[in-house]
Amino acid sequence: EFFSVPYMQSRYHVYRGAPDLAQRVDDELLRLSRQRNNSAGLVLGYNSSGRNLMYGGKFGPSRSPLEEVLALYDPTSHCSLAQQVGVHPHINSQVFLGIVLFCLGYSDQALARSSAAIAEARRLGHTTTLGSTSLRVGTRAGVIRSVRTMKYSPRGVSRRSLSALSRVAKAA
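Residues numbered from 1 in each chain as written. Predicted model: local features only at pLDDT ≥ 70, side-chain atom pairs only at ≥ 80, totals over all residues. Heavy atoms only, no water.

Caption draft 1: Representation of the packing of aromatic side chains within the structure. Taken as a whole and judged by the stated rule, the model has two aromatic pairs. Put simply, the rings of Y15, Y55 and F96 pair up and form one aromatic cluster. One Lys or Arg, R51, reaches over the ring of Y7 and ends 5.3 Å from the middle of that ring. Against the face of Y106 rests R63, its NZ or CZ located 5.3 Å from the ring centre. (Phe/Tyr/Trp six-rings, centres within 6.5 Å; stacked < 30°, edge-to-face > 60°. Lys NZ or Arg CZ within 6 Å of the ring centre and 35° of its normal.)

Caption draft 2: A look at the packing of helix α1 (residues 4-15) against helix α2 (residues 19-35). Where α1 contacts α2, the two axes come as close as 7 Å, and the packing angle between them is 165°. Of the possible angle classes, the one that applies to α1 and α2 is roughly antiparallel. In this structure, α1 meets α2 at a crossing whose hand is left-handed. The segment α1 lies against α2, with P6, Y7, Q9, S10, H13 and V14 engaging P19, L21, A22, V25, D26 and L29. Per-class residue counts for the contact of α1 with α2 are eight nonpolar, three polar and one charged. (Axes fitted to C-alpha atoms, helices over the stretch in contact; angles between N-to-C directions. Helix = DSSP H or I, 4+ residues; strand = E, 2+ residues; numbered from the N terminus. Parallel < 35°, antiparallel > 145°, perpendicular 65-115°, else oblique. Left-handed = near helix turned anticlockwise from the far one by under 90°. Contact = heavy atoms within 4.5 Å. Nonpolar A, V, L, I, M, F, W, Y, C, P; charged D, E, K, R; others polar.)

Caption draft 3: Molecular detail of the pattern of salt bridges. If you walk through the whole model with that rule in mind, you get two salt bridges. In this structure, the salt-bridge partner of E28 is R31, at a minimum N-O distance of 2.5 Å. Linking E28 with R31, this pair stays in helix α2, spanning three residues, or about one helical turn. Residue class for R31 comes out partly exposed when judged on its relative accessible area of 40%. Its salt-bridge partner being E67, residue R63 comes within 3.0 Å of it at the nearest N-O pair. (Salt bridge = Lys/Arg side-chain N within 4 Å of Asp/Glu carboxyl O. Buried < 20%, exposed > 50% of the residue type's maximum accessible area, 1.4 Å probe, protein only.)

Listed below in structure tokens is the structure:
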């Protein structure tokens, strides 16, 4: 099956600023994957949907699809997905889930997800996945540094959350 095509179409739409169109593509990918009982399509669809919801600031709703990827992903049967879409969806979902959990105020869980993603990316040695994982975790470290230089703490960002993300950034 060619489930990587709608996955990449969704990615294209969300990055060009059409999140509603991207979500429609994701919904169709998930519908088709369920209809055909295709777990690889479900992994890609949930990964894409969770990513797009997160980029849209819908952190609560993005958590469930990202957790579905972690539950459905099978390294043996889904190993070719990284070659099809450029990154390991399992690791990608862990990174996005780490961002979501941090934004929802669960800094310890965010740290655990981010650390697991970095460790798995290093273990697999997939250059693109390792690079994107390190970039996203490193970007959070930059946000932490920016927040620390402010004279006030933004609502929802606690010192404990900042400390946890600092530990993740150092691990990267």
